[in-house]
Amino acid sequence: MGRDDSKSKGTNKQSLPQTPKNAKIAPGEMREEIAQELNQLHQLAQKAKNNKK
């Protein structure tokens, strides 16, 4: 299949979306954030397990 000869811009951009500065976290804080999320998931799993009993 070949390329079409359309000269108009499409809806797909050729660049990746950028992350806003206020949404970025420091690399050192990334592990802490992941650990907190895993802890929350573990607590939810324990609650669900206790509710089944």
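Look up: the structure comes first, before these words.
Computed from a prediction, not measured in an experiment: that's the story for all the values here. Within any chain, residue numbers begin from 1 and follow the written order of that chain's sequence. Residue-level local features of this predicted model are given only where pLDDT is at least 70; pairs of side-chain atoms are given and counted only at 80 or more, and the full residue set underlies all totals for whole chains, interfaces and linings. The basis for every side-chain value is the complete set of non-hydrogen atoms in the structure, without hydrogens or water.

Asks: Is there a simple way to think about a nonpolar patch on the surface in this case?
Replies: Taken together, the side chains of Ile25, Met30, Ile34, Leu38, Leu41 and Leu44 define a hydrophobic patch exposed on the protein surface, amounting to about 590 Å² of accessible area. Position of leucine 44 among the secondary structure elements: in helix α1 (residues 27-52). On the basis of relative accessible area, leucine 44 is assigned to the exposed category, the value being 55%. The patch calculation keeps residues exceeding 30% relative accessible area without a salt bridge and links them within 9 Å when they carry like charges or within 5 Å when they are nonpolar (Val, Leu, Ile, Met, Phe, Trp, Tyr). In short, Shrake-Rupley with a 1.4 Å probe defines the accessible areas, and a residue's cover is counted only from the protein chains shown. Salt-bridge detection follows one rule: a side-chain nitrogen of Lys or Arg within 4 Å of a carboxyl oxygen of Asp or Glu. Secondary structure elements are taken from DSSP: a helix is a run of H or I of four residues or more, a strand is a run of E of two residues or more, and numbering for both begins at the N terminus. Partly exposed describes any residue whose relative accessible area lies between the buried limit of under 20% and the exposed limit of over 50%, with all areas from a 1.4 Å probe on protein chains only and scaled to the type maximum.

Asks: Whenever I open this one, a negative patch on the surface confuses me. Can you help?
Replies: His is not counted here, nor are the chain ends, while Lys and Arg score as positive and Asp and Glu score as negative. By convention, charge coordinates are those of NZ in Lys, CZ in Arg, CG in Asp, or CD in Glu. There is a patch of like negative charges on the surface, built from Glu29, Glu32, Glu33 and Glu37. Its location among the elements puts glutamate 33 in helix α1.

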